[in-house]
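This is what each chain is made of:
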Amino acid sequence: MYVAVKGGEKAIANAHQYLASERRGNTDFPELSVAQIREQMRLAVDRVMTEGSLYDPDLAALALKQSRGDSIEAIFLLRAYRTTLPRFCNSIPLNTSKIAVTRRISAAFKDMPGGQMLGPTFDYTHRLLDFSLADTTETKTYPAPSAEDLQRAPDEELPRILDFLQNDGLVEGAGEPNASSVGDITREPLELPASRDIRLQKLTRADEGFILAMGYSTQRGFKNSGGHPFAGEIRTGDVAVEIIPEELGFPICIGNITVTESEIVSIYDGSEDTPPQFSRGYGITFGSGERKAISIALVDRALRCKELKEDIIAPAQDEEFVLMHSDNIEATGFVEHLKLPHHVDFQSELDILRRLRSNWEQSKARREAMEQSASTPDEVANNAPKGFA
Amino acid sequence: MTHTTIGQDSRQGQPDEALLEHGYNFAFLDEQTKRMVRRATLKAIAIPGYQVPFASREMPMPYGWGTGGIQLTASIIGQQDILKVTDQGADDTTNAVSIRSFFQRTTGVSTTENTQEATLIQTRHRIPEETLSKDHILVYQVPIPEPLRWMEPRETETRKMHAHEEYGVMHVKLYEDIAHHGHIATSFDYPVQIADRYIMSPSPIPKFDNPKMDNCPALQVFGAGREQRIYAIPPYTKVHSLDFEDHPFTVQSWEEVCSLCGSDESYLDEIILDNEGNRMFVCSDSDYCRKRLEAGHTGAMSEQQSDTPEVNSVEVANA
């Protein structure tokens, strides 16, 4: 009960107990295992890992269980855990050209070297509820694709479709990755204007819904320039994470992670120094976060407006607006903190409001008295309020 | 890393066995993070009222619950410290209880409700009524550290304004208040100028508390976790609440006195007692009120519950 704002220790303990029982739900049904969530709610796990900035499917699944399925609460749990972890070293940049793809498409070309590969996509499903899934009594088997089907060749580089255009100068370069100077938003405060590495980190951690809406707004005309965006390439697959331990001096692989990468191109009209060409936007997420990766790429492109000397006229181009309001843990904390007790401030506002109302009553009474006594126009003029005191 | 509870005499609220969570460092944050926060804090003390950016971490409480203050407390707390946590002036509001229990679990330090006994006081929205001494550090939780934010939403702009000491908009805002209402219509988070230089947000304390900041012997540090800023007022620093010569700064006053302890000089909470809208006023600072009751002071409603002179009981009656 909220009136127990004071003496709340017992109330908090009771609330936690109540929460635990609600989380468990009706005990006639078996309890969810973390492995079940990890295997069968994988896209939720992927989102929690991406926005929690921690690649650990088991912990993300545990967080989802603990949060009763609330993604933002789960992301928060994972971030609060991550913040206590020591930082051993930076990996060398992921080589996403050496990716074991499960999905790879380009919307810009009908076919491409390496081929189009749909992978496990919802894209061409009909969104009809499949009532057969409601029946879990009979064991069904769903065969996975074989290794030959996936045509995985471990050390072979998969060409990037945009590189073909870059060779003709039709698309701008992707920039020179310099691992030693990459910023870290989890270790340094965000300062504006932010460089692109910082911006992309922030966008990857950002709330999926917010970034989706921001990307969408650029498609509906809330941007300065640039033609229609094209999905140059979208790829999902496993990449090796490599580090160079000081005592070895050469890279070793410490494991694989699944990522989704998206590159968007749109026509850039050029400037005095730059010829017209396709400009790039880039996005990457953990797991299969394709919707978000595309959105990040759109917003990244919109936020490059200063660098490309475009006018800033739309919300998605406004770095401060986008970056400062994109983090759902920051946002949810500040929005929801309104439910904390504020009675000291409220008392102050009551005091002010009472004074404002009393001033208003007095001036109203004065005004009415004046109107009544205003028998001649001359008197009205003489009695008019002087100044604002 | 694990820690054991240090041997302290058993004060109220002291954990009697090791409650420290396995796998977490003393006071939750790792030592590198604490060092980073301490460096930012030292810079803040060196430039009174200036907002120092720091790499705020995710904490196990949400942003808006006091993560800035919690990080400051976690970075400066030592095993010998005695911690007091208040919210809205009271030690027993839910959030104060939760933060105090967090530090009990992660540090094992002694906690107290007694302002005089505490060495470290984390607060939200109030400054204790009792005068602070040089042995106190007061840690404020800050939601919006930028006093110019309501006039200029952009951080890139407000930082320039501070750098150039370009505070015209603030004075215009206060002037417009007087022009419209005849007085400055800001009752909490009332802007102050520190050591004749930076304009600073005192956090959402009622302006009633502003005079306590001026020339205060205690170190006052402010943490805004979500906004990634730390700022400070060193001991014995001039803190001026903005005003005009012909409209000097004033604080709230009440026609009522505290119904429990009869104090006529503390900040009062208004409590609605029943469906008829009857109300009473009690001290917002629960420790101050308790001490006065123990010293034999009485108010209009204290006699009928003289057997349990606790602020809590009134709130229960309110339920």
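Criteria and thresholds
Residues numbered from 1 in each chain as written. Chains lettered and ligands numbered in written order. Predicted model: local features only at pLDDT ≥ 70, side-chain atom pairs only at ≥ 80, totals over all residues. Heavy atoms only, no water. Helix = DSSP H or I, 4+ residues; strand = E, 2+ residues; numbered from the N terminus. Buried < 20%, exposed > 50% of the residue type's maximum accessible area, 1.4 Å probe, protein only. Contact = heavy atoms within 4.5 Å. Areas by Shrake-Rupley, 256 points an atom, 1.4 Å probe, with all protein chains shown as cover. Domains from an automatic or database assignment. Buried area = accessible area lost by both parts, 1.4 Å probe. Salt bridge = Lys/Arg side-chain N within 4 Å of Asp/Glu carboxyl O. Pairing = 2+ DSSP bridges. Axes fitted to C-alpha atoms, helices over the stretch in contact; angles between N-to-C directions. Parallel < 35°, antiparallel > 145°, perpendicular 65-115°, else oblique. Nonpolar A, V, L, I, M, F, W, Y, C, P; charged D, E, K, R; others polar. Left-handed = near helix turned anticlockwise from the far one by under 90°. Polar contact = N/O pair within 3.5 Å; in protein donor to acceptor, adjacent residues only side chain to side chain. Core = buried A, V, L, I, M, F, W, Y, C linked by side-chain atoms within 4.5 Å.

When you look at the overall build of chain B in this model, what are you seeing that I'm missing?
Each helix and strand counted, chain B has eight helices and twelve strands in total. Residue burial in chain B is summarised as follows: out of 319 residues, 58% are buried. Contacts spanning at least 24 positions in sequence make up 62% of the contacts within chain B whose residues lie at least 6 apart. Surface exposure of chain B reaches about 13000 Å², of which carbon and sulfur atoms provide 50%.

Would you take a moment to explain the domain arrangement of chain B for this structure?
When the parts come together, some accessible area is lost, and that loss is often what is quoted as the size of the interface. Residue and element names in this part refer to chain B. Entries for chain B in the domain assignment read domain 1 (1–252) and domain 2 (268–318). Residue-level contacts link 14 residues of domain 1 with seven residues of domain 2. A buried area of about 800 Å², summed over both sides, lies between domain 1 and domain 2, and 34% of it is on carbon and sulfur atoms. If you sort the residues of domain 1 by the area they bury against domain 2, Asp92, Glu129 and Glu130 come out on top, with a joint share of 41%. Between Lys291 and Glu130 there is a salt bridge whose closest N-O contact spans 2.4 Å.

I keep staring at the side chain of Thr218 of chain A and nothing clicks. Help me out?
Residues and elements named next belong to chain A. The topology assignment puts Thr218 in helix H9 (residues 208–219). What makes Thr218 buried here is its relative accessible area of 6%. In this structure, Thr218 is in contact with Lys223, Leu298, Ala302 and Ala316, ignoring residues within four places of it in sequence.

What is the right way to read the pattern of salt bridges from this model?
For side chains of opposite charge, pairing can occur when their charged atoms come near one another. All names here are of chain A. Counting across every chain of the model gives 53 salt bridges over all chains. The residue Asp300 makes a salt bridge to Arg196 at a minimum N-O spacing of 2.6 Å. One end of the pair, Asp300, is in helix H10 (residues 290–303); the other, Arg196, is in helix H8 (residues 196–205), with 104 residues separating them in the sequence. Accessibility expressed as a relative area gives 0% for Asp300, which makes it buried.

Help me out: how do you make sense of the sheet that holds strand E1 (residues 100–105) of chain A in this one?
The strands that make up a sheet pair up through hydrogen bonds in the backbone, lying either parallel or antiparallel. Residue and element names in this part refer to chain A. As summarised here, the arrangement of the four strands in space is E1-E2-E3-E4, forming an open sheet in which the pairing is antiparallel. Two strands bound the open sheet, and with one partner strand each, they are E1 and strand E4 (277–286). Taking each pair of neighbouring strands and ignoring which way they run, the sheet shows an average axis angle of 20°. Bridging between strand E2 (residues 230–243) and strand E3 (residues 252–268) involves 13 bridges; their strand directions are antiparallel. Paired with Ala231 across the bridge in E3 is Ile264. Contacts from H10 reach E1, E2, E3 and E4 within the one sheet, and its direction differs from that of E4 by about 140°.

Hey, could you run me through the domain arrangement of chain A in this one?
All names here are of chain A. You can read the domains of chain A as domain 1 (9–82), domain 2 (100–121 + 148–175 + 183–336) and domain 3 (348–383). Computed from C-alpha atoms alone, the centre-to-centre distance between domain 1 and domain 2 is 28 Å. With 14 residues of domain 1 at the interface, the matching set in domain 2 holds 17 residues. When the two sides are added together, the surface that domain 1 and domain 2 hide from each other amounts to roughly 1400 Å², 56% of it contributed by carbon and sulfur.

Would you explain the packing of helix H3 (residues 42–52) of chain A against helix H4 (residues 57–66) of chain A in this entry?
Residues and elements named next belong to chain A. At a minimum axis separation of 9 Å, H3 and H4 run at an interaxial angle of 105°. Between H3 and H4, the crossing angle belongs to the class labelled roughly perpendicular. For the pair H3 and H4, contact is made by Arg42, Ala44, Val45, Val48 and Met49 and by Pro57, Ala60, Ala61 and Leu64, respectively. For the contact of H3 with H4, a count of residues per class yields eight nonpolar, no polar and one charged.

Would you take a moment to explain the packing of H4 of chain A against helix H5 (residues 71–82) of chain A for this structure?
For any two helices packed against each other, one specifies the inter-axial angle together with the distance between the axes. Residue and element names in this part refer to chain A. In contact at an axis separation of 8 Å, H4 and H5 are set at 130° when each is read in the N-to-C sense. Accordingly, the angle class assigned to the pair H4 and H5 is oblique. The handedness of the crossing between H4 and H5 is right-handed. Contact with H4, carried on its side by Leu59, Ala60, Ala63, Leu64 and Gln66, involves Ser71, Ala74, Leu77, Leu78 and Tyr81 of H5 and no other residues of that element. Across the contact of H4 with H5, the residue classes break down as eight nonpolar, two polar and no charged.

What exactly am I supposed to notice about the interface of chain B and chain A here?
With 62 residues of chain B at the contact, the number on the chain A side is 49 residues. Between chain B and chain A the total buried area reaches about 4800 Å² when both faces are included, carbon and sulfur atoms providing 57% of it. There are four salt bridges connecting chain B and chain A. With a shortest N-O distance of 2.9 Å, Glu58 of chain B and Arg79 of chain A are connected by a salt bridge. Across the chain B-chain A interface, the total number found is 22 residue pairs in polar contact (both at pLDDT 80 or more). Looking at the side of chain B that touches chain A, the elements that each hand over two or more residues are helix H3 (94–107), helix H4 (155–163), helix H5 (168–181), strand E11 (268–272), strand E12 (279–283) and helix H8 (311–318) of chain B. Taken together, the residues of the side of chain B that touches chain A break down into 31 nonpolar, 17 polar and 14 charged.

Mind showing me how you'd approach the sheet that holds strand E3 (residues 110–111) of chain B here?
Residue and element names in this part refer to chain B. Spatially, seven strands are ordered E1-E9-E8-E5-E4-E2-E3 in an open sheet, and the strand pairing comes out mixed. Single-partner strands in this sheet number two, and they are strand E1 (52–53) and E3. Bridge analysis of strand E8 (residues 219–224) against strand E9 (residues 229–233) gives five bridges, and the strand direction is antiparallel. Directly across from Val221, in E9, lies its bridge partner Ala232. Its contacts with the sheet put helix H1 (residues 31–46) on E1, E8 and E9, and the angle it makes with E9 is roughly 45°. Those strands touched by helix H2 (residues 67–76) are strand E2 (82–87), strand E4 (120–124), strand E5 (137–141), E8 and E9, and its axis lies near 150° from that of E5.

Would you mind going over the pairing of E8 of chain B with me for this structure?
Residue and element names in this part refer to chain B. E8 sits mainly inside the fold: six of its six residues count as buried. In this structure, E5 lies alongside E8, joined through five bridges in parallel fashion. Looking at the pairing, Val139 lines up with Val221 of E8. Two successive antiparallel strands, E8 and E9, enclose a turn made up of four residues, where Gln228 displays a positive phi of approximately 60°.

Help me understand the nonpolar core in this model?
Across soluble globular proteins, nonpolar side chains have a tendency to be buried as a group. All names here are of chain B. Ile70, Ile77, Leu83, Phe103 and Ile230 are the most contacted members of the largest nonpolar core, which totals 45 residues. Contributing elements (two or more residues each) for this core: H1, H2, E2, H3, H5, strand E7 (198–200), E8 and E9. In this structure Phe103 touches Ile70, Thr73, Ala74, Leu83, Gly108 and Gln122, once residues within four positions along its chain are discounted. By size, the runner-up hydrophobic cluster in this structure holds 19 residues, among which are Ala118, Ile121, Ile194 and Met200.

Help me understand H8 of chain A, please; the structure alone is not making it clear to me.
In an α-helix, one turn spans 3.6 residues, which is why side chains three or four residues apart end up on the same side. Most of H8 of chain A sits out of view: seven of its ten residues are buried. Listed as buried for H8 of chain A are Ile198, Arg199, Leu200, Lys202, Leu203, Thr204 and Arg205 of chain A.

Would you explain the side chain of Thr285 of chain A in this entry?
Residue and element names in this part refer to chain A. Mapping Thr285 onto the fold places it in strand E4. Engagement of the side chain of Thr285 in a polar contact is seen with the backbone nitrogen of Gly289, the distance being 3.4 Å. If near-sequence neighbours (up to four positions away) are discounted, Thr285 is found in contact with Thr50, Thr258, Val259, Thr260, Lys292, Ala293 and Ile296.

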